[in-house]
Amino acid sequence: MTHLGLIGGSGLYGLPLEGAEWREVETPFGCPSDAILTGTLHGVPVSFLPRHGRGHRIAPGDLPARANIAALKMRGVTDVLSISAVGSFREEMAPGHLVVVDQAVDRTQGRPASFFGTGCVAHVSLARPTCPRLSAAAADAAEAAGATVHRTGTYLCIE
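Residues numbered from 1 in each chain as written. Predicted model: local features only at pLDDT ≥ 70, side-chain atom pairs only at ≥ 80, totals over all residues. Heavy atoms only, no water.

Q: Is there a simple way to explain the overall build of the protein chain in this structure?
A: A count of helices and strands for the protein chain gives 2 helices and 9 strands. Counting from the amino terminus, helix and strand elements in the protein chain follow one another as β-β-β-β-α-β-β-β-α-β-β. Here the C-alpha atoms of the protein chain give a radius of gyration of 16 Å, agreeing with the 15 Å that 2.2 N^0.38 yields for 159 residues. Here the C-alpha coordinates of the protein chain stretch approximately 45 × 40 × 30 Å along the principal axes. Per-residue burial for the protein chain yields a buried fraction of 30% across its 159 residues. For the protein chain, restricting intrachain contacts to residue pairs at least 6 apart in sequence, the fraction spanning at least 24 positions comes to 70%. If you sum the accessible surface of the protein chain, you get close to 10,200 Å²; carbon and sulfur atoms cover 57% of it. The centroid of the 13 positive side-chain charges in the protein chain is displaced by 5 Å from the centroid of its 14 negative side-chain charges. (Helix = DSSP H or I, 4+ residues; strand = E, 2+ residues; numbered from the N terminus. Rg over C-alpha atoms; globule rule 2.2 N^0.38 Å. Buried < 20%, exposed > 50% of the residue type's maximum accessible area, 1.4 Å probe, protein only. Contact = heavy atoms within 4.5 Å. Areas by Shrake-Rupley, 256 points an atom, 1.4 Å probe, with all protein chains shown as cover. Lys, Arg positive; Asp, Glu negative; His and termini not counted. Charge placed at Lys NZ, Arg CZ, Asp CG, Glu CD.)

Q: Please explain the sheet that holds strand 4 (residues 44-50) as it appears in this structure.
A: Strand order in the open sheet formed by 5 strands is 2-3-4-1-5, and the pairing between neighbours is mixed. Only two strands of the sheet have a single partner each, and these edge strands are strand 2 (18-23) and strand 5 (79-83). Taken over all neighbouring pairs, the strand axes of this sheet differ in orientation by 20 degrees on average, direction set aside. The sheet contacts of helix 1 (residues 65-74) involve strand 1 (4-8), strand 3 (36-41), strand 4 and strand 5, and relative to strand 4 the element is tilted by about 160 degrees. Sheet strands touched by helix 2 (residues 132-144): strand 1 and strand 5. Its angle to strand 5, the strand with the most contacts, is close to 50 degrees. (Pairing = 2+ DSSP bridges. Axes fitted to C-alpha atoms, helices over the stretch in contact; angles between N-to-C directions.)

Q: What should I look at first to understand unusual backbone geometry in this one?
A: Peptide bonds are, in most cases, trans, and in most cases residues other than glycine have a negative phi. Although it is not a glycine, H42 adopts a positive phi angle of roughly 55 degrees. As for its position among the elements, H42 is in the loop between strand 3 and strand 4. Backbone geometry places H56, a non-glycine residue, at a positive phi of 50 degrees. Relative accessible area serves as the criterion here: at 38%, H56 is assigned to the partly exposed category.

Q: I tried to follow the packing of aromatic side chains on my own but got confused; where do I start?
A: Any aromatic ring pair is given by two values, namely how distant the centres are and how the planes are angled relative to each other. Tallied over the entire structure, the rule returns 1 aromatic pair. Judged by centre distance (5.3 Å) and plane angle (80 degrees), the ring pair of F29 and F115 falls under edge-to-face. On the criterion of sequence distance, the pair formed by F29 in the loop between strand 2 and strand 3 and F115 in the loop between strand 7 (103-106) and helix 2 is long-range, its members being 86 residues apart. With a relative accessible area of 32%, F29 lands in the partly exposed category. One cation-aromatic arrangement involves R54 over W22; the distance from NZ or CZ to the ring centre is 3.7 Å. (Phe/Tyr/Trp six-rings, centres within 6.5 Å; stacked < 30°, edge-to-face > 60°. Lys NZ or Arg CZ within 6 Å of the ring centre and 35° of its normal.)

Put into structure tokens, the structure is as follows:
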């Protein structure tokens, strides 16, 4: 069964979940950005994590990314959607449009780049960093709601 994890960016701090309650989670990577709001949406289990914490109190360079992902996994999440408000270098991808990312370039240097290390060496391919099934479902839902959707795009993360 799918248990959807949603990571909200700037401006998305909560969801109208049925039976919602905030739950604290500790991980081997420390505490996540905030407690996790867990409930259901149309019968689907959902765990929501505000990336910057409620009240937008954590700066982008200080986000505990590994703890955030680990906390969702510990709550039983099987699929993760992360929503962010970012800019674009392409005029046709205007503010308010939804871009469903299918590639990512990480140019950050000030945070751990992996869950592996110190006795656990692993190699994970980043050739296809997103899930086509989940991406298509998100794009279909957004289009059904009337949003302008771009089904491909590259996310560039810099400091």
